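Chain residues, written in single-letter form:
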Amino acid sequence: RAFIGQMGMIGDIISGFSENIDEKISLRKIDEATIIDEFERKNINIRKLITATDVNGRKQIFIEAKTTRGKIMTSREAARIAGEVLRKPYRVNCYSKGVIGKEYNVIVIEEDDNFGVSVGMSFGVKQGEEISGDNGNIISLDNGKTAMILSDGMGSGPIAAMESEAIVDSIGGLLESGFSKELAVNMLNAMVSFRSQGNRFTTLDLCVIDLYCARAEFIKLGASTTFIKRNDWIETIASTSLPVGTVENAKIDSSDKKLYNGDFVIMVS
């Protein structure tokens, strides 16, 4: 059942990608012509230029091009040129080719992030114990997002630490491999449920921040309350779900929040 559900989610991802490709936008003709002219001055011949947007509104430019006179241009340089024309920083998409060569190929550049994030972590050990049962990690993903992961091993000592570390490493690896948050969490829950048969309890607290639009998605399985602090105002994000692997088809608490410059996101175990 878990496998069937995961395949369904993969199908949704493929369908969404197909729809995204069809949702083209248009640069102003003057900007498009200027980009093509600038590339020609750099001995780059553009055969086709297509623009699109991702689900968060980030503009992407697909450029089919080749070099002339035996030159080679990096995709990073191409992104810089397009950014100067459009008067906004652009970067190379993480799945794009790295260079424009002598044969026609497609590179993908996209609007750069609008926000940055500063992160820090603090750990404590229960009195009388040498090893904390909790683990956490912070990952910068290739798609312009930052993932903050926290797991409570439900106790102290090496076994609890090992369990929470496995949760943090697994979800981090899935996200870095390009899986969506929902699919990654469901796969992890099914795997732990099958392995532990409900005999081990470990929480998952996940926050993924999109640095282009400053939206944060929170996913919780048995996790403690998260706090968003904005000046003198505080919002709480609570969870009523069960820990990872308790049941095969667990209810997953998720919420989406808009963040603003200077906000603090505080996650605790």
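Provided above is the structure to which this section pertains.
Visitor: Run through the packing of aromatic side chains, naming residues and quoting values.
Guide: For the structure on display, the rule yields zero aromatic pairs. Directly above the aromatic system of Y104 lies the positively charged group of R47, at a separation of 4.0 Å from the ring centroid. Cation over ring: K258 sits above Y260, and NZ or CZ is 5.8 Å from the ring centre.

Visitor: Which residues make up the sheet that holds strand β9 (residues 145–152), and what are the values?
Guide: Pairing within the open sheet is antiparallel, and its five strands lie in the order β8-β9-β10-β11-β14. Sheet topology places β8 (134–140) and β14 (253–258) at the edges, where each strand pairs with a single neighbour. Going across the sheet, the axis of each strand differs from the next one's by a mean of 10°, ignoring polarity. Judged from the six bridges that link them, strand β11 (residues 215–221) and β14 form a sheet pairing that is antiparallel. Within the sheet, the bridge partner assigned to E217 lies in β14 and is D256. Taken strand by strand, helix α4 (residues 158–176) contacts β8, β9 and β10 (204–210), and its axis lies near 15° from that of β8.

Visitor: How would you explain the nonpolar core if you had to name every residue and give the values?
Guide: When a protein is soluble and globular, its nonpolar side chains tend to lie buried together. Counting residues in each nonpolar core, the largest one holds 20 residues, and the members touching the most others are I171, L204 and L206. At the level of elements, β9, α4, α5 (181–196), β10 and β11 are the ones that each hand at least two residues to this core. The biggest single contributor to this core is α4, with five residues. Leave out the neighbours within four places in its chain, and L206 touches A147, M148, I149, L175, V185, E217, F218, I219 and M267. Within the second largest apolar cluster, 19 residues are counted, among which are F39, I46, I63 and A82.

Visitor: Give a description of the pairing of strand β7 (residues 105–111) that names residues and reports values.
Guide: Remember that side chains alternate between the two faces of the sheet whenever the strand is regular. In terms of burial, β7 is a largely internal element, six of the seven residues being buried. Pairing of strand β3 (residues 59–67) with β7 involves six bridges; the strand directions are antiparallel. Paired with Q60 across the two strands is E110, which belongs to β7. Alignment of strand β5 (residues 90–92) against β7, held across three bridges, turns out to be antiparallel. The partner of Y90 across the bridge, within β7, is E111.

Visitor: Help me get a handle on the pairing of strand β2 (residues 44–53), residues and values and all.
Guide: Pairing geometry for β2 and β3, over nine bridges, is antiparallel. By the bridge assignment, N45 is partnered in β3 with K66. Counted between consecutive antiparallel strands, the loop separating β2 from β3 contains five residues, among which G57 sits at a positive phi close to 90°.

Visitor: Before we move on, could you go through helix α2 (residues 29–41) and cite the residues and values that matter?
Guide: Counted at 1.5 Å a residue, the expected span for α2 with its 13 residues is 18 Å, and the 18 Å between its end C-alpha atoms agrees. Those residues of α2 lying buried are D31, I35 and F39. In a view along the axis of α2, the buried residues occupy a sector of 70°, so they form one face of it. Of the residues in α2, the exposed ones pointing more than 90 degrees away from the buried face are K29, I30 and R41. For α2, the secondary structure elements touched by its buried residues are β2, β3, β4 (73–74), α3 (75–86) and β6 (99–100). Where α2 terminates, the next one or two residues include N43, which has phi positive at roughly 65°.

About the criteria used
- Residues numbered from 1 in each chain as written.
- Predicted model: local features only at pLDDT ≥ 70, side-chain atom pairs only at ≥ 80, totals over all residues.
- Heavy atoms only, no water.
- Phe/Tyr/Trp six-rings, centres within 6.5 Å; stacked < 30°, edge-to-face > 60°.
- Lys NZ or Arg CZ within 6 Å of the ring centre and 35° of its normal.
- Pairing = 2+ DSSP bridges.
- Helix = DSSP H or I, 4+ residues; strand = E, 2+ residues; numbered from the N terminus.
- Axes fitted to C-alpha atoms, helices over the stretch in contact; angles between N-to-C directions.
- Contact = heavy atoms within 4.5 Å.
- Core = buried A, V, L, I, M, F, W, Y, C linked by side-chain atoms within 4.5 Å.
- Buried < 20%, exposed > 50% of the residue type's maximum accessible area, 1.4 Å probe, protein only.
- Expected span 1.5 Å × (residues − 1).
- Arc of directions from axis to C-beta.

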